[in-house]
Amino acid sequence: MNTIREIFAKLSTMGKSGPVLDEPQRFLLLSIIIGIFSGLVVVCFHISIELLNWITIHSLAPGAKYLAPLWPALGGVAAYLLVFFVVPTARGTGVNYTKTAVYASDGYIPFRSVLGKFATCTLSIGTGNPMGPEDPALQMGAGIASLLGRIFHLTREHMRLIAPIGAAAGIGAAFNTPIAAVLFVMEEVMSAWNAGVLGSIVLSSVSAVVVSRWFLGDEVLYQVPEIEVGDYSELLLYAAIGAVGGWLSALFCRYSIMLRGRILKLRERRRLWLPAVAGLTVGIVGMYAPETLGAGYQVIDGALHDRFAWNLLLVLGMLKLLSTALCFGCGTPGGLFAPTLFVGAMLGGGLAGLAQLVWPLSTSSVAAYVLVGIGVFFAGVFRAPMTSVFMVFELSASYVVILPVMIANTIAILVSRRMEHDSVFHMAAHQDGLDLPSIEDRRETPALTVEDAMQRTRDLVVSDRISVSEALEKIESSNADALLVEVRYGQWRWVGKRELRRAKDNGDEGSSLHRTMKMWPVVRTYPDLPLDQALRKLAIYPALPVTSRVNPSFLLGTLTLADVHRAYGITRQEPKAEASSVGPSSA
Amino acid sequence: MAKRYTCLVCRNEIAHPNAECPYCKARSVIAEGASPRILGMVFGVMAGVFAVTGFYAKSFKAERSTRGQHHFGVAEELLAEGDHANAIKEYRNALSYGKEEPDYRLGLARALFENERYAETENHLVDLRSQDPTSGILNYLLAQLAAREGRLDEAVSYYGTAIHGRWDGDTEERRLNLRLELVDLLEASGRDEQLAAELIALGEIMPDDRGIQHKLGALMLRTELYDRASSLFNSLLEANPRDHEALLGRGEAEFQLGNYLTARTQYNRAKLLRDDDAINERIALCNRIIELDPTRRGISLRERFRRSRVLIERARSATLMCQNPSGDAFVGPLAALPPDLASSLENADKALAGRPGRATDEAVEANTLIAEELWNQAKPLCSASSPPDPPLVHVMAKLSR
């Protein structure tokens, strides 16, 4: 609140005296501006896709339906040519592009890539290719943020954070789900929970969603009907959907990435015609199953309203899965977000229908299964568990289905992870030669804590009542440089080997430490603290007492630099004589 | 305004943009703070993009609306022609241009209903109803859907909301038609209590249609609303005294109300119009009741006294008949009967024993009471479907009233 007041106060005195805004305030203001700009661009993007869609596959002109199968091919090849000859920066997935900007290029995203994504994805999605606009919107948001960061001359540190802020705005505006957008950016783009930037991400996401709703209306992506969830025995069915969805999502990731890999091995000129082949295939499939064309939000809406028979749902899901994998592999511009939701919805609805044949006691509404399916497939492909749960919550605006979603999504992630270690974005990044971090990698590398390194002995601890000679004997036997001394309740000090020797030389060997020695205070540490925090303290103190958090005089152990080295697996080595032969020649 | 320059390495403020940082000696990484000019420029561009997006969105919405209306118009025509499958397709197209347009969704629901795709219909209707719970048409469609699927409680509830809900156009006629539909539903499902309540409500807004009035009169008889049935048939007879059905209806209503003379008159009039065995039977029953009834006005005290004794006698016979399940008269000792019944029979026997006394009002009343007491004891033993003495049953019912 104070920050906002300060901003207004400074804005009111703008230009009269002193600097307008300092860096954190500029950053917050910038987050809102990014949200607004991203929202505006995404609104235009959405409208452009729709307009092109009306002109091409949904044309009202007589005879237009005969041209419909050709449009995806034309759109795909036009978009690919644009990428190839004009805007190569619009290539690839938006998530990986943004992550690369965060981790490798100090948040720099050329504005040309924003324009490129806008044009190419409008061409491909607007002509019926089965891709989604969310991932491109994410990249556009990140690109706008990067441009504004440069205009505002942000520091390098803030420039790295600015791209995810824009990404959240882009995806929030495209999908109309501000919470899911924030979580997706945290889980998938930043691959970490960064409390420092969370406020800015939320601000930008909310601003973008407000702008989007301002222009496009409050209408939600899907009209979710009233949901009924049956009794707890049906959780088994949801778990089964989770398992099937996880398995299918892993297969989708594996084979679409495999296809992409094979195509990437072709010469670039040869790849030019592949989006046309993919588009033509999509168009032909679309003649018989027009539901598979485009992003498919309306079809998901239909599935939620029990429009299709269960077998038709499964067929549509499979067709969409194959056509998406083909387009993704062939490099047709567009994102995987919408097709993933489509396949998940069809899978959930289809399996629900099948289950009701096998298990007539099933009483949940089809909408509940469709929503669970959406969450399951999303979780399996993107490995973003929090996003997948909150997205369903935001879509349905109901907590009723949350329990089944949580169970099914967890199972989907476990199954999918067992089959394919990485998410589809991570696999694509590897294929492109990028080594980007993922939240799963970070989870698999647990941070060491003080408890992992500390010595659970009292070898370095003495009372301040013992004599200097006893202390010297103890320090020499333990081969340490300092001893820890508890002087009062919870107050620790340290004394060095050199000081003890000096006291002995001065003839004070018989007197007690508290009378003779000057001892320096030392801070306590706790067993649950990350080891790197303790390491920073060890730069100042030779040893640290590890105490209980509730009783500071209760010593649990001690920690020295050598202990930290040991915990990290670093063994101290003497420099070798032949070491000089390594490195630049002395000659 | 003073510009601010920051070293990007150590983040200390420095005086000049191209000077060396006095703290970390960095030169090439110096940033200029956000100046009002930059902010103004950014806001200016934002306003421009806002305007362009606004124009773009407005054109888009206009086109979307035109397309939606086009498909909706086609769908309405197809639905009117009975081409439900294509109407559904067109409604879906319309809906893809205006998801939030309730008319499109309602049209789709109607077409789906006609096409017997009830599950999807219900989803759309429930969606719409959550946005507009008092809509008459939505509740009506949901009521029809629930009735068709046998969910009668839901159907009745939806009908109730639809009757009191919001309608466009000729509201009163719609409400009346809905009530009539609800009455049909309640009649078919045998929910007589709810039916009676609905008939009472309908009595307040009785339609002019004579056919409907006949039907409602019959339903009133069925639900034992005899007063209302009688006055309804009476009003029909005022308009057309030769209405055979109304005569029979009024006769039946009066008969059930215990007005056997009026009932007989109505039956006789009906017989003049069309003679049949059922009417003759009814007239004969009326005659027997009238001849037995000691409370009938216009008869002498003596005759009343005689009838009251006959009443005791017939009540006694009927009691003994009912006591024996085989239908033969009871011939065993009275001690074998329940004590109350035995005592009532004993009273009856005493009243009938010896020569009849003097005919007085008190004697008539005492006899009637004895007969009533005996009949009340015997009634539970007698079969309701085939009572041993129908005129006696009716007279006793009248007396108890």
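Keep in mind it's a predicted model, so treat the numbers as computed, not measured.

Conventions adopted
- Residues numbered from 1 in each chain as written.
- Chains lettered and ligands numbered in written order.
- Predicted model: local features only at pLDDT ≥ 70, side-chain atom pairs only at ≥ 80, totals over all residues.
- Helix = DSSP H or I, 4+ residues; strand = E, 2+ residues; numbered from the N terminus.
- Buried ≥ 20, exposed ≤ 12 C-beta atoms within 10 Å, placed from the backbone.
- Contact = placed C-beta atoms within 7 Å.
- Core = buried A, V, L, I, M, F, W, Y, C linked by C-beta atoms within 7 Å.
- Domains from an automatic or database assignment.
- Pairing = 2+ DSSP bridges.
- Nonpolar A, V, L, I, M, F, W, Y, C, P; charged D, E, K, R; others polar.
- Expected span 1.5 Å × (residues − 1).
- Arc of directions from axis to C-beta.
- pLDDT = per-residue confidence, 0-100.

(A) Representation of the overall build of chain B within the structure. The secondary structure content of chain B amounts to 17 helices and three strands. Counting over 401 residues, chain B shows a buried share of 34%. Contacts spanning at least 24 positions in sequence make up 48% of the contacts within chain B whose residues lie at least 6 apart.

(B) Fine view of the overall build of chain A. Within chain A, the regular secondary structure consists of 27 helices and six strands. Along the longest, intermediate and shortest principal axes, the C-alpha atoms of chain A span 110 × 65 × 60 Å.

(C) Region of the structure containing the nonpolar core. The biggest cluster of nonpolar side chains holds 155 residues, and the ones touching the most others in it are Val185(A), Leu371(A) and Val372(A). If you tally residues by element for this core, the top one is helix 2 (residues 23-55) of chain A, at 16 residues. Of the residues that make up this core, three or more belong to each of domain 1 (21-216) and domain 2 (232-439) of chain A. Those residues in contact with Leu371(A), other than ones at most four positions away along the chain, are Val392(A), Leu395(A), Ser396(A), Val401(A) and Val405(A). Counting residues in each nonpolar core, the second largest holds 77 residues, with Ile312(B), Ala348(B), Ile370(B) and Leu392(B) among its members.

(D) Up close: the pairing of strand 3 (residues 491-496) of chain A. All names here are of chain A. Where strand 2 (residues 482-488) and strand 3 come together, six bridges link them in antiparallel fashion. The residue bridging Val485 from the neighbouring strand is Arg493, located in strand 3. Here three bridges tie strand 3 to strand 4 (residues 520-522), and the two strands are oriented antiparallel to one another. In the strand pairing of strand 4, Arg493 is matched with Pro521.

(E) Highlighting the domain arrangement of chain B. Residue and element names in this part refer to chain B. The domain architecture assigned to chain B consists of domain 1 (1-35), domain 2 (206-292) and domain 3 (303-400). Counting residues at the interface gives five residues for domain 2 and 10 residues for domain 3. Residue composition of the side of domain 2 that touches domain 3, grouped by class: three nonpolar, one polar and one charged.

(F) Just helix 15 (residues 339-352) of chain B, in detail. Residues and elements named next belong to chain B. Over its 14 residues, helix 15 runs 20 Å from end to end, which matches the ideal 20 Å to within 8%, given 1.5 Å per residue. Turning to helix 15, its buried residues number three or more, namely Ser344, Leu345, Ala348 and Ala351. For helix 15, the angular spread of buried residues about the axis comes to 120°, placing them on one side. The exposed set on the far side of helix 15, more than 90 degrees from its buried face, consists of Pro339 and Lys350. Buried residues along helix 15 sit against helix 14 (301-323) and helix 16 (361-378).

(G) Representation of the confidence of the model for chain A in the model. All names here are of chain A. For chain A, the mean per-residue pLDDT works out to 83, and 91% of the residues sit at or above 70. Averaged over each element, pLDDT in chain A is lowest for helix 1 (residues 2-12) (56) and highest for helix 6 (residues 111-126) (92). Low pLDDT, under 50, characterises residues 14-19; the predicted model gives this stretch eight contacts beyond four residues in sequence or across chains. Between residues 574-587, whose pLDDT stays under 50, and residues either more than four places distant or in other chains, the model counts one contact.

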